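What follows is the residue order along each chain.
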Amino acid sequence: MSTTYLGMPAFESFPKAAHEAVRDETLRRNLRHATHTIRAKRAKAVAEVSDWARLREAGKRIKDHTLRHLDRYLVQVEEAVTAAGGTVHWAVDAEEANRIVAGLVKATGEREVVKVKSMATQEIGLNEALEAEGIRAYETDLAELIVQLGKDRPSHILVPAIHRNRGEIRDIFRSEMGAWGRPAPEGLTDTPAELAEAARLHLREKFLRAKVGISGANFVVAETGTLVVVESEGNGRMCLTLPETLISVVGIEKIVPTWRDLEVFLQTLPRSSTAERMNPYTSMWTGTTDGDGPSTFHLVLLDNGRTDTLADEVGRQALRCIRCSACLNVCPVYERAGGHAYGSVYPGPIGAILSPQLRGTASEIDASLPYASSLCGACYEVCPVAIDIPEVLVHLRERVAEGGQATRGGSKVVLKPAKGHAAERAAMRAARWAFTHPGALAAGQRLASRTRRFHPRTLPGPGRAWSGSRDLPAVPAEPFRDWWQRTRGGKDEAK
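Residues numbered from 1 in each chain as written. Predicted model: local features only at pLDDT ≥ 70, side-chain atom pairs only at ≥ 80, totals over all residues. Heavy atoms only, no water.

1. So, the overall build of the chain
Across its full length, the chain carries 23 helices and 12 strands. C-alpha atoms of the chain, sized along the principal axes, occupy 95 × 55 × 45 Å. Buried positions account for 50% of the 495 residues belonging to the chain. When contacts within the chain are restricted to residue pairs at least 6 apart in sequence, long-range pairs at least 24 apart make up 73% of them. Entry remark: accessible area of the chain is about 23,800 Å², with carbon and sulfur atoms responsible for 53%. Charge centroids of the chain, computed over 66 positive and 60 negative side chains, lie 8 Å from each other. (Helix = DSSP H or I, 4+ residues; strand = E, 2+ residues; numbered from the N terminus. Buried < 20%, exposed > 50% of the residue type's maximum accessible area, 1.4 Å probe, protein only. Contact = heavy atoms within 4.5 Å. Areas by Shrake-Rupley, 256 points an atom, 1.4 Å probe, with all protein chains shown as cover. Lys, Arg positive; Asp, Glu negative; His and termini not counted. Charge placed at Lys NZ, Arg CZ, Asp CG, Glu CD.)

This is the structure we're talking about:
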(Lines give C-alpha, C1' and ligand atoms only; values in the text may rest on other atoms or scores of the structure.)
Protein backbone atom coordinates (compact mmCIF):
# COMPACT_ATOMS: atom_id res chain seq x y z
CA MET A 1 0.00 0.00 0.00
CA SER A 2 1.39 3.36 -1.00
CA THR A 3 1.72 5.93 1.76
CA THR A 4 0.43 8.64 -0.54
CA TYR A 5 -2.01 8.62 -3.40
CA LEU A 6 -0.42 8.35 -6.80
CA GLY A 7 0.05 11.79 -8.24
CA MET A 8 0.21 13.37 -4.78
CA PRO A 9 3.59 14.54 -3.47
CA ALA A 10 4.99 13.02 -0.29
CA PHE A 11 3.91 15.21 2.62
CA GLU A 12 5.26 15.99 6.04
CA SER A 13 2.90 15.91 8.99
CA PHE A 14 -0.25 18.02 9.01
CA PRO A 15 1.01 20.38 11.77
CA LYS A 16 4.10 21.24 9.73
CA ALA A 17 2.17 21.73 6.49
CA ALA A 18 -0.54 23.74 8.24
CA HIS A 19 2.07 25.95 9.90
CA GLU A 20 3.16 27.13 6.46
CA ALA A 21 -0.38 27.48 5.14
CA VAL A 22 -1.66 29.73 7.92
CA ARG A 23 1.10 32.24 7.13
CA ASP A 24 -0.35 32.78 3.63
CA GLU A 25 -2.71 35.73 4.12
CA THR A 26 -4.13 35.52 0.60
CA LEU A 27 -4.98 31.85 1.07
CA ARG A 28 -6.69 32.50 4.39
CA ARG A 29 -8.66 35.42 2.95
CA ASN A 30 -9.82 33.34 -0.03
CA LEU A 31 -10.82 30.42 2.19
CA ARG A 32 -12.62 32.54 4.75
CA HIS A 33 -14.69 34.33 2.11
CA ALA A 34 -15.60 31.16 0.20
CA THR A 35 -16.40 28.88 3.15
CA HIS A 36 -18.49 31.49 4.95
CA THR A 37 -20.47 32.24 1.80
CA ILE A 38 -21.19 28.57 1.07
CA ARG A 39 -21.95 27.88 4.73
CA ALA A 40 -24.57 30.62 4.92
CA LYS A 41 -26.26 29.56 1.68
CA ARG A 42 -26.37 25.93 2.79
CA ALA A 43 -27.96 26.80 6.12
CA LYS A 44 -30.71 28.72 4.31
CA ALA A 45 -31.35 25.89 1.85
CA VAL A 46 -31.54 23.27 4.57
CA ALA A 47 -33.88 25.40 6.68
CA GLU A 48 -36.43 25.25 3.86
CA VAL A 49 -36.91 21.50 4.39
CA SER A 50 -39.19 20.67 7.29
CA ASP A 51 -38.18 16.99 7.40
CA TRP A 52 -34.40 17.48 7.07
CA ALA A 53 -33.65 15.45 10.22
CA ARG A 54 -35.70 12.54 8.87
CA LEU A 55 -33.97 12.73 5.48
CA ARG A 56 -30.61 12.73 7.25
CA GLU A 57 -31.53 9.66 9.28
CA ALA A 58 -32.89 7.93 6.18
CA GLY A 59 -29.63 8.58 4.32
CA LYS A 60 -27.65 7.16 7.22
CA ARG A 61 -29.76 3.99 7.39
CA ILE A 62 -29.67 3.42 3.63
CA LYS A 63 -25.90 3.71 3.58
CA ASP A 64 -25.43 1.47 6.63
CA HIS A 65 -27.74 -1.17 5.17
CA THR A 66 -25.90 -1.10 1.84
CA LEU A 67 -22.50 -1.42 3.49
CA ARG A 68 -23.68 -4.38 5.58
CA HIS A 69 -24.82 -6.17 2.42
CA LEU A 70 -22.28 -4.75 0.02
CA ASP A 71 -21.23 -8.15 -1.32
CA ARG A 72 -24.77 -8.85 -2.54
CA TYR A 73 -25.28 -5.40 -4.05
CA LEU A 74 -21.94 -5.47 -5.88
CA VAL A 75 -22.93 -8.68 -7.60
CA GLN A 76 -26.32 -7.17 -8.45
CA VAL A 77 -24.61 -4.14 -10.00
CA GLU A 78 -22.35 -6.30 -12.13
CA GLU A 79 -25.28 -8.37 -13.38
CA ALA A 80 -27.41 -5.30 -14.18
CA VAL A 81 -24.63 -3.38 -15.96
CA THR A 82 -23.67 -6.44 -18.01
CA ALA A 83 -27.29 -7.10 -18.97
CA ALA A 84 -27.56 -3.47 -20.15
CA GLY A 85 -24.59 -3.81 -22.49
CA GLY A 86 -21.78 -2.55 -20.27
CA THR A 87 -18.61 -4.29 -19.09
CA VAL A 88 -17.59 -4.43 -15.42
CA HIS A 89 -13.98 -4.52 -14.22
CA TRP A 90 -12.78 -5.05 -10.64
CA ALA A 91 -9.77 -3.15 -9.29
CA VAL A 92 -8.32 -4.05 -5.92
CA ASP A 93 -6.04 -1.00 -5.77
CA ALA A 94 -4.94 2.13 -7.61
CA GLU A 95 -2.31 0.35 -9.69
CA GLU A 96 -4.80 -2.17 -11.04
CA ALA A 97 -7.43 0.49 -11.74
CA ASN A 98 -4.95 2.64 -13.66
CA ARG A 99 -3.75 -0.36 -15.64
CA ILE A 100 -7.32 -1.26 -16.60
CA VAL A 101 -8.26 2.27 -17.68
CA ALA A 102 -5.05 2.85 -19.63
CA GLY A 103 -5.55 -0.45 -21.43
CA LEU A 104 -9.14 0.41 -22.34
CA VAL A 105 -8.14 3.82 -23.73
CA LYS A 106 -5.25 2.39 -25.76
CA ALA A 107 -7.55 -0.26 -27.19
CA THR A 108 -9.56 2.54 -28.84
CA GLY A 109 -6.43 3.91 -30.52
CA GLU A 110 -7.02 7.34 -28.94
CA ARG A 111 -4.45 9.44 -27.11
CA GLU A 112 -6.80 12.02 -25.56
CA VAL A 113 -9.65 11.74 -23.06
CA VAL A 114 -12.06 14.24 -21.54
CA LYS A 115 -12.93 13.88 -17.87
CA VAL A 116 -15.84 14.63 -15.60
CA LYS A 117 -14.85 15.83 -12.12
CA SER A 118 -14.01 12.64 -10.21
CA MET A 119 -12.39 12.25 -6.81
CA ALA A 120 -11.92 8.51 -7.36
CA THR A 121 -9.69 9.15 -10.39
CA GLN A 122 -7.77 11.79 -8.42
CA GLU A 123 -7.41 9.31 -5.56
CA ILE A 124 -5.67 6.77 -7.80
CA GLY A 125 -3.65 9.36 -9.72
CA LEU A 126 -5.22 8.42 -13.04
CA ASN A 127 -4.14 11.53 -14.95
CA GLU A 128 -0.50 10.88 -14.12
CA ALA A 129 -0.82 7.18 -14.96
CA LEU A 130 -2.36 7.99 -18.34
CA GLU A 131 0.33 10.55 -19.05
CA ALA A 132 2.96 7.87 -18.43
CA GLU A 133 1.22 5.82 -21.16
CA GLY A 134 1.23 8.72 -23.60
CA ILE A 135 -2.43 9.64 -23.06
CA ARG A 136 -3.47 13.19 -22.23
CA ALA A 137 -6.43 13.71 -19.90
CA TYR A 138 -8.34 16.99 -20.04
CA GLU A 139 -10.28 18.12 -16.97
CA THR A 140 -13.53 19.81 -17.99
CA ASP A 141 -14.96 21.01 -14.68
CA LEU A 142 -14.12 24.72 -14.40
CA ALA A 143 -12.40 24.45 -11.03
CA GLU A 144 -10.54 21.29 -12.05
CA LEU A 145 -9.47 23.04 -15.25
CA ILE A 146 -8.02 25.88 -13.18
CA VAL A 147 -6.14 23.41 -11.01
CA GLN A 148 -4.82 21.48 -14.01
CA LEU A 149 -3.72 24.55 -15.95
CA GLY A 150 -2.07 25.97 -12.84
CA LYS A 151 -0.10 22.74 -12.24
CA ASP A 152 -1.78 22.77 -8.86
CA ARG A 153 -3.67 20.32 -6.65
CA PRO A 154 -7.32 20.38 -5.53
CA SER A 155 -7.90 21.86 -2.08
CA HIS A 156 -11.64 21.36 -1.64
CA ILE A 157 -14.09 18.56 -2.46
CA LEU A 158 -16.72 20.73 -4.11
CA VAL A 159 -14.61 23.72 -5.21
CA PRO A 160 -11.11 22.36 -6.00
CA ALA A 161 -9.78 25.87 -6.77
CA ILE A 162 -11.24 27.50 -3.66
CA HIS A 163 -7.76 28.74 -2.74
CA ARG A 164 -7.54 30.85 -5.91
CA ASN A 165 -9.05 34.29 -6.42
CA ARG A 166 -10.25 35.76 -9.72
CA GLY A 167 -7.03 37.60 -10.42
CA GLU A 168 -4.98 34.44 -10.02
CA ILE A 169 -7.37 32.51 -12.28
CA ARG A 170 -7.12 35.20 -14.99
CA ASP A 171 -3.32 34.99 -14.89
CA ILE A 172 -3.39 31.19 -15.14
CA PHE A 173 -5.73 31.29 -18.15
CA ARG A 174 -3.60 33.90 -19.90
CA SER A 175 -0.33 32.04 -19.43
CA GLU A 176 -1.35 28.36 -19.68
CA MET A 177 -4.43 27.88 -21.89
CA GLY A 178 -2.46 28.09 -25.12
CA ALA A 179 -0.28 25.11 -24.17
CA TRP A 180 -3.39 22.94 -23.66
CA GLY A 181 -5.50 24.06 -26.63
CA ARG A 182 -7.34 27.23 -27.52
CA PRO A 183 -5.61 30.21 -25.83
CA ALA A 184 -7.36 32.74 -23.64
CA PRO A 185 -8.93 35.71 -25.45
CA GLU A 186 -6.87 38.86 -25.77
CA GLY A 187 -7.45 41.33 -22.97
CA LEU A 188 -9.07 38.76 -20.68
CA THR A 189 -10.15 40.37 -17.38
CA ASP A 190 -11.00 38.80 -14.04
CA THR A 191 -14.77 39.24 -14.30
CA PRO A 192 -16.58 35.92 -13.74
CA ALA A 193 -18.45 36.11 -17.05
CA GLU A 194 -15.27 36.56 -19.09
CA LEU A 195 -13.45 33.80 -17.22
CA ALA A 196 -16.35 31.40 -17.73
CA GLU A 197 -16.55 32.27 -21.43
CA ALA A 198 -12.79 31.70 -21.87
CA ALA A 199 -13.14 28.26 -20.29
CA ARG A 200 -16.21 27.48 -22.41
CA LEU A 201 -14.43 28.31 -25.67
CA HIS A 202 -11.33 26.40 -24.59
CA LEU A 203 -13.28 23.26 -23.69
CA ARG A 204 -15.75 23.23 -26.57
CA GLU A 205 -13.20 21.99 -29.09
CA LYS A 206 -12.23 19.19 -26.72
CA PHE A 207 -15.83 18.05 -26.24
CA LEU A 208 -16.41 17.92 -29.99
CA ARG A 209 -13.14 16.10 -30.73
CA ALA A 210 -12.98 13.57 -27.88
CA LYS A 211 -13.74 9.90 -28.58
CA VAL A 212 -13.22 8.72 -25.00
CA GLY A 213 -14.76 10.10 -21.81
CA ILE A 214 -13.84 9.22 -18.24
CA SER A 215 -16.06 9.82 -15.23
CA GLY A 216 -16.76 8.80 -11.71
CA ALA A 217 -20.26 8.57 -10.26
CA ASN A 218 -22.06 10.05 -7.31
CA PHE A 219 -24.31 7.00 -7.04
CA VAL A 220 -24.87 3.58 -8.62
CA VAL A 221 -28.41 2.16 -8.43
CA ALA A 222 -28.03 -1.57 -7.88
CA GLU A 223 -31.46 -2.67 -9.11
CA THR A 224 -30.86 -1.37 -12.64
CA GLY A 225 -27.10 -0.79 -12.83
CA THR A 226 -27.72 2.92 -13.43
CA LEU A 227 -24.92 5.42 -12.74
CA VAL A 228 -25.67 8.97 -11.63
CA VAL A 229 -23.57 12.14 -11.88
CA VAL A 230 -24.80 15.45 -10.49
CA GLU A 231 -23.10 18.71 -11.49
CA SER A 232 -23.72 22.39 -12.06
CA GLU A 233 -21.97 23.33 -15.30
CA GLY A 234 -23.08 20.94 -18.03
CA ASN A 235 -19.54 19.76 -18.78
CA GLY A 236 -20.41 16.39 -17.27
CA ARG A 237 -23.38 16.00 -19.60
CA MET A 238 -21.05 16.67 -22.58
CA CYS A 239 -18.47 14.10 -21.43
CA LEU A 240 -21.12 11.49 -20.71
CA THR A 241 -22.98 11.75 -24.00
CA LEU A 242 -20.64 12.85 -26.83
CA PRO A 243 -17.71 10.35 -26.72
CA GLU A 244 -17.98 6.93 -28.36
CA THR A 245 -16.46 5.21 -25.31
CA LEU A 246 -17.25 5.98 -21.66
CA ILE A 247 -15.17 4.63 -18.77
CA SER A 248 -16.46 5.19 -15.22
CA VAL A 249 -14.24 4.62 -12.19
CA VAL A 250 -16.40 4.25 -9.08
CA GLY A 251 -15.67 3.40 -5.46
CA ILE A 252 -17.58 0.34 -4.27
CA GLU A 253 -19.23 2.38 -1.50
CA LYS A 254 -21.20 4.52 -4.00
CA ILE A 255 -23.96 1.94 -4.41
CA VAL A 256 -27.57 2.53 -3.33
CA PRO A 257 -30.00 -0.40 -3.57
CA THR A 258 -33.01 1.17 -5.31
CA TRP A 259 -34.32 4.24 -7.11
CA ARG A 260 -36.41 5.06 -4.08
CA ASP A 261 -33.21 5.21 -2.01
CA LEU A 262 -31.66 7.54 -4.59
CA GLU A 263 -34.55 9.94 -4.04
CA VAL A 264 -33.27 10.69 -0.52
CA PHE A 265 -29.79 11.67 -1.67
CA LEU A 266 -31.00 13.77 -4.57
CA GLN A 267 -32.64 15.95 -1.92
CA THR A 268 -29.80 16.08 0.62
CA LEU A 269 -26.72 16.26 -1.63
CA PRO A 270 -27.45 19.49 -3.56
CA ARG A 271 -28.58 21.38 -0.47
CA SER A 272 -25.52 20.28 1.50
CA SER A 273 -23.03 20.96 -1.28
CA THR A 274 -24.07 23.80 -3.58
CA ALA A 275 -27.02 25.03 -1.44
CA GLU A 276 -29.38 24.34 -4.35
CA ARG A 277 -32.76 22.65 -4.20
CA MET A 278 -31.62 20.36 -6.98
CA ASN A 279 -28.58 20.13 -9.21
CA PRO A 280 -28.84 21.91 -12.57
CA TYR A 281 -27.59 18.76 -14.33
CA THR A 282 -28.41 15.24 -13.16
CA SER A 283 -27.15 12.70 -15.71
CA MET A 284 -28.06 9.01 -15.53
CA TRP A 285 -26.99 6.18 -17.81
CA THR A 286 -27.62 2.45 -17.84
CA GLY A 287 -25.26 0.46 -20.04
CA THR A 288 -25.49 1.40 -23.72
CA THR A 289 -28.36 2.31 -26.04
CA ASP A 290 -28.24 2.38 -29.84
CA GLY A 291 -28.17 5.92 -31.16
CA ASP A 292 -28.03 7.52 -27.71
CA GLY A 293 -24.77 8.27 -25.94
CA PRO A 294 -21.55 6.21 -26.00
CA SER A 295 -21.65 2.91 -27.85
CA THR A 296 -19.20 1.30 -25.41
CA PHE A 297 -19.39 1.53 -21.62
CA HIS A 298 -16.94 0.22 -19.02
CA LEU A 299 -17.45 0.35 -15.25
CA VAL A 300 -14.35 -0.01 -13.05
CA LEU A 301 -15.34 -0.84 -9.48
CA LEU A 302 -12.58 0.40 -7.16
CA ASP A 303 -11.67 -1.01 -3.74
CA ASN A 304 -8.33 0.64 -2.86
CA GLY A 305 -8.68 0.21 0.91
CA ARG A 306 -12.46 0.39 1.16
CA THR A 307 -12.92 -3.27 2.12
CA ASP A 308 -10.36 -2.81 4.91
CA THR A 309 -12.19 0.30 6.10
CA LEU A 310 -15.46 -1.62 6.08
CA ALA A 311 -13.94 -4.11 8.54
CA ASP A 312 -13.57 -1.37 11.19
CA GLU A 313 -16.84 -1.15 13.13
CA VAL A 314 -16.24 2.46 14.16
CA GLY A 315 -14.36 3.77 11.14
CA ARG A 316 -16.62 2.26 8.48
CA GLN A 317 -19.13 5.08 8.84
CA ALA A 318 -16.72 7.22 6.78
CA LEU A 319 -17.88 5.17 3.78
CA ARG A 320 -21.31 6.76 4.08
CA CYS A 321 -19.83 10.00 2.74
CA ILE A 322 -21.58 11.42 -0.34
CA ARG A 323 -18.82 14.01 -0.95
CA CYS A 324 -20.95 17.08 -0.25
CA SER A 325 -18.11 19.02 1.46
CA ALA A 326 -20.40 20.54 4.13
CA CYS A 327 -17.96 19.47 6.84
CA LEU A 328 -15.14 21.45 5.21
CA ASN A 329 -17.14 24.65 5.11
CA VAL A 330 -17.81 24.68 8.87
CA CYS A 331 -14.42 23.40 10.04
CA PRO A 332 -12.28 26.05 11.79
CA VAL A 333 -9.13 24.03 11.09
CA TYR A 334 -9.78 23.69 7.35
CA GLU A 335 -10.72 27.37 7.08
CA ARG A 336 -7.28 28.38 8.31
CA ALA A 337 -5.05 25.63 6.92
CA GLY A 338 -6.69 24.94 3.56
CA GLY A 339 -6.88 21.62 1.76
CA HIS A 340 -3.28 21.12 0.65
CA ALA A 341 -2.09 20.65 4.23
CA TYR A 342 -4.03 17.37 4.41
CA GLY A 343 -1.78 15.72 1.81
CA SER A 344 -4.72 14.00 0.13
CA VAL A 345 -7.42 14.58 -2.45
CA TYR A 346 -9.81 14.26 0.51
CA PRO A 347 -9.20 17.35 2.67
CA GLY A 348 -10.96 18.64 5.76
CA PRO A 349 -12.71 16.60 8.47
CA ILE A 350 -13.81 13.79 6.15
CA GLY A 351 -10.28 13.51 4.78
CA ALA A 352 -8.89 13.34 8.31
CA ILE A 353 -10.83 10.11 8.88
CA LEU A 354 -10.99 8.67 5.37
CA SER A 355 -7.38 8.99 4.20
CA PRO A 356 -5.79 7.26 7.23
CA GLN A 357 -8.19 4.36 6.74
CA LEU A 358 -7.74 3.97 2.99
CA ARG A 359 -3.96 4.43 3.19
CA GLY A 360 -3.13 3.18 6.68
CA THR A 361 -1.32 5.21 9.33
CA ALA A 362 2.27 4.28 8.49
CA SER A 363 3.25 7.64 7.03
CA GLU A 364 3.88 10.84 8.96
CA ILE A 365 1.02 12.66 7.27
CA ASP A 366 -1.54 9.89 7.82
CA ALA A 367 -0.54 9.43 11.46
CA SER A 368 -1.09 13.15 12.04
CA LEU A 369 -4.43 13.59 10.23
CA PRO A 370 -6.64 12.30 13.09
CA TYR A 371 -5.23 15.16 15.17
CA ALA A 372 -6.14 17.80 12.54
CA SER A 373 -9.29 18.74 14.42
CA SER A 374 -10.50 20.66 17.45
CA LEU A 375 -13.26 18.04 17.99
CA CYS A 376 -15.81 20.87 18.06
CA GLY A 377 -18.40 18.62 16.40
CA ALA A 378 -19.58 21.13 13.78
CA CYS A 379 -18.77 18.61 11.03
CA TYR A 380 -21.12 16.03 12.54
CA GLU A 381 -23.93 18.55 12.88
CA VAL A 382 -23.94 19.39 9.16
CA CYS A 383 -23.23 15.94 7.72
CA PRO A 384 -26.26 14.84 5.64
CA VAL A 385 -25.59 11.17 6.44
CA ALA A 386 -24.74 11.71 10.13
CA ILE A 387 -21.12 10.56 10.08
CA ASP A 388 -19.85 11.04 13.63
CA ILE A 389 -16.49 12.40 12.53
CA PRO A 390 -15.31 13.32 16.06
CA GLU A 391 -15.95 9.74 17.20
CA VAL A 392 -13.87 8.33 14.33
CA LEU A 393 -11.11 10.89 14.93
CA VAL A 394 -10.77 9.79 18.54
CA HIS A 395 -10.87 6.15 17.44
CA LEU A 396 -8.05 6.74 14.95
CA ARG A 397 -6.03 8.71 17.49
CA GLU A 398 -6.16 5.66 19.73
CA ARG A 399 -4.94 3.52 16.85
CA VAL A 400 -2.03 5.87 16.17
CA ALA A 401 -1.10 6.18 19.86
CA GLU A 402 -1.13 2.41 20.28
CA GLY A 403 1.11 1.92 17.30
CA GLY A 404 -1.26 2.05 14.39
CA GLN A 405 -2.51 -0.59 12.03
CA ALA A 406 -2.45 -0.88 8.28
CA THR A 407 -4.00 -3.44 6.00
CA ARG A 408 -2.32 -4.80 2.92
CA GLY A 409 -3.77 -7.35 0.61
CA GLY A 410 -6.45 -8.25 3.12
CA SER A 411 -4.04 -9.02 5.96
CA LYS A 412 -3.32 -6.80 8.92
CA VAL A 413 0.12 -5.31 9.39
CA VAL A 414 0.90 -4.06 12.88
CA LEU A 415 3.04 -0.94 12.76
CA LYS A 416 5.62 0.36 15.18
CA PRO A 417 4.44 2.97 17.71
CA ALA A 418 4.07 6.33 16.03
CA LYS A 419 6.71 8.96 16.61
CA GLY A 420 5.81 11.76 18.96
CA HIS A 421 3.55 9.70 21.21
CA ALA A 422 6.13 7.89 23.36
CA ALA A 423 6.01 10.61 26.04
CA GLU A 424 2.21 10.59 26.01
CA ARG A 425 2.09 6.83 26.48
CA ALA A 426 4.64 7.01 29.30
CA ALA A 427 2.62 9.75 31.03
CA MET A 428 -0.57 7.69 30.79
CA ARG A 429 1.15 4.64 32.24
CA ALA A 430 2.50 6.74 35.11
CA ALA A 431 -0.93 8.23 35.76
CA ARG A 432 -2.54 4.80 35.80
CA TRP A 433 -0.02 3.58 38.37
CA ALA A 434 -0.49 6.67 40.55
CA PHE A 435 -4.29 6.45 40.57
CA THR A 436 -4.14 2.82 41.63
CA HIS A 437 -1.80 3.67 44.55
CA PRO A 438 -3.59 6.28 46.72
CA GLY A 439 -0.70 6.70 49.13
CA ALA A 440 1.74 7.52 46.35
CA LEU A 441 -0.80 9.90 44.78
CA ALA A 442 -1.24 11.80 48.05
CA ALA A 443 2.51 12.07 48.57
CA GLY A 444 2.97 13.34 45.02
CA GLN A 445 0.27 16.00 45.49
CA ARG A 446 1.91 17.27 48.70
CA LEU A 447 5.30 17.39 46.99
CA ALA A 448 3.85 19.31 44.06
CA SER A 449 2.26 21.87 46.39
CA ARG A 450 5.46 22.47 48.34
CA THR A 451 7.55 22.96 45.19
CA ARG A 452 5.00 25.07 43.31
CA ARG A 453 7.25 28.13 43.22
CA PHE A 454 9.71 26.26 41.03
CA HIS A 455 7.20 24.97 38.46
CA PRO A 456 7.60 26.28 34.89
CA ARG A 457 4.73 28.09 33.16
CA THR A 458 5.23 26.06 29.96
CA LEU A 459 6.23 22.49 29.24
CA PRO A 460 9.72 21.70 27.95
CA GLY A 461 10.57 19.70 24.82
CA PRO A 462 7.70 18.22 22.79
CA GLY A 463 5.20 19.52 25.36
CA ARG A 464 5.90 23.06 24.19
CA ALA A 465 3.57 22.47 21.23
CA TRP A 466 0.66 22.27 23.69
CA SER A 467 1.73 24.91 26.20
CA GLY A 468 3.16 27.40 23.73
CA SER A 469 -0.14 29.29 23.62
CA ARG A 470 -1.39 28.61 27.15
CA ASP A 471 -0.01 28.62 30.70
CA LEU A 472 0.08 25.47 32.75
CA PRO A 473 -2.56 25.44 35.52
CA ALA A 474 -1.12 26.72 38.78
CA VAL A 475 -0.70 24.10 41.51
CA PRO A 476 -2.71 25.03 44.63
CA ALA A 477 -0.87 25.79 47.84
CA GLU A 478 -2.54 22.84 49.52
CA PRO A 479 -3.93 19.58 48.10
CA PHE A 480 -7.71 19.26 48.28
CA ARG A 481 -7.62 16.17 50.46
CA ASP A 482 -5.38 17.94 53.01
CA TRP A 483 -7.70 20.99 52.97
CA TRP A 484 -10.72 18.76 53.50
CA GLN A 485 -9.05 16.92 56.41
CA ARG A 486 -8.03 20.21 58.01
CA THR A 487 -11.36 22.05 57.63
CA ARG A 488 -13.90 19.25 57.82
CA GLY A 489 -12.02 16.58 59.67
CA GLY A 490 -12.61 14.29 56.73
CA LYS A 491 -16.37 14.22 57.41
CA ASP A 492 -19.07 14.59 54.80
CA GLU A 493 -21.52 17.14 56.26
CA ALA A 494 -24.23 16.14 53.77
CA LYS A 495 -24.66 12.96 55.77
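2. Let's talk about the side chain of serine 118
By secondary structure assignment, the location of serine 118 is in the loop between β2 (112-115) and α6 (119-123). A relative accessible area of 4% places serine 118 in the buried class. Within the structure, serine 118 has its side chain in polar contact with the backbone nitrogen of alanine 120 (distance 3.5 Å). Serine 118 has contacts with Ser215, Gly216 and Val249, leaving out every residue within four places of it along the chain. (Polar contact = N/O pair within 3.5 Å; in protein donor to acceptor, adjacent residues only side chain to side chain.)

3. Describing a nonpolar patch on the surface
Taken together, Leu208, Met238 and Leu242 make up a surface patch of nonpolar side chains, about 280 Å² in accessible area. Residue position: methionine 238 is located in helix α11 (residues 235-241). (Patch = residues over 30% accessible without salt bridge, like charges linked within 9 Å, V, L, I, M, F, W, Y side chains within 5 Å. Salt bridge = Lys/Arg side-chain N within 4 Å of Asp/Glu carboxyl O.)

4. As for the pairing of strand β7 (residues 245-251)
Among the 7 residues of β7, 7 are classified as buried, and the element is accordingly described as predominantly covered. Covered by surrounding structure in β7 are Thr245, Ile247, Val249 and Gly251 together with Leu246, Ser248 and Val250, the residues of both alternating faces. Here strand β4 (residues 212-215) runs beside β7; their pairing, made up of 4 bridges, is parallel. The partner of valine 212 across the bridge, within β7, is threonine 245. (Pairing = 2+ DSSP bridges.)

5. What to know about the sheet that holds β4
The strands making up a sheet are joined through hydrogen bonds of the backbone, oriented either antiparallel or parallel. Pairing in this open sheet of 6 strands is parallel, and the strands run β1-β10-β7-β4-β2-β3 from one edge to the other. Two strands in the sheet have a free side with no partner beyond their single neighbour: β1 (87-91) and β3 (136-139). With direction set aside, neighbouring strand axes in the sheet form an average angle of 25°. Set on the sheet, helix α4 (residues 70-83) makes contact with β1 and β10 (296-302); between it and β1 the angle comes to about 145°. (Axes fitted to C-alpha atoms, helices over the stretch in contact; angles between N-to-C directions.)

6. What about the sheet that holds strand β6 (residues 226-231)?
Here we have 4 strands laid out as an open sheet, ordered β8-β5-β6-β9, and mixed in their pairing. Lying at the two open borders of the sheet, with one neighbouring strand each, are β8 (255-256) and β9 (281-285). Contacting β5 (219-221), β6, β8 and β9, helix α12 (residues 259-273) runs over the sheet at an angle of about 160° to β5.

7. A short note on the pattern of salt bridges
Scanning all chains against the criterion turns up 24 salt bridges. Among the salt bridges present, the one from arginine 359 reaches aspartate 366, with a minimum N-O distance of 2.6 Å. Residue arginine 359 shares its accessibility class with aspartate 366, and that shared class is buried. Among the ionic pairs, aspartate 482 bridges to arginine 446, the shortest N-O distance being 3.0 Å. With aspartate 482 in helix α23 (residues 480-488) and arginine 446 in helix α21 (residues 438-450), this residue pair connects regions lying 36 residues apart in the sequence. Among the residues examined, arginine 446 registers a relative accessible area of 31% and is labelled partly exposed. When salt bridges with common partners are traced through the structure, they connect Glu123, Glu253, Arg306 and Arg323 into a single cluster.

8. What to know about the pairing of β4
The alternating pattern of β4 places Val212 and Ile214 and Gly213 and Ser215 on opposite faces, both of which are buried. Looking at chain direction, β2 and β4 are connected through 2 bridges and run parallel. Bridge pairing links lysine 115 to isoleucine 214 in β4.

9. Here we look at helix α16 (residues 348-359)
With 12 residues, α16 extends 16 Å from end C-alpha to end C-alpha; this agrees with the ideal 16 Å at 1.5 Å per step. Most of α16 is tucked away, with 12 of its 12 residues classed as buried. Looking only at α16, the buried set comprises Gly348, Pro349, Ile350, Gly351, Ala352, Ile353, Leu354, Ser355, Pro356, Gln357, Leu358 and Arg359. Where α16 ends, the next residue or the one after it, glycine 360, has phi of about 85°, a positive value. (Expected span 1.5 Å × (residues − 1).)

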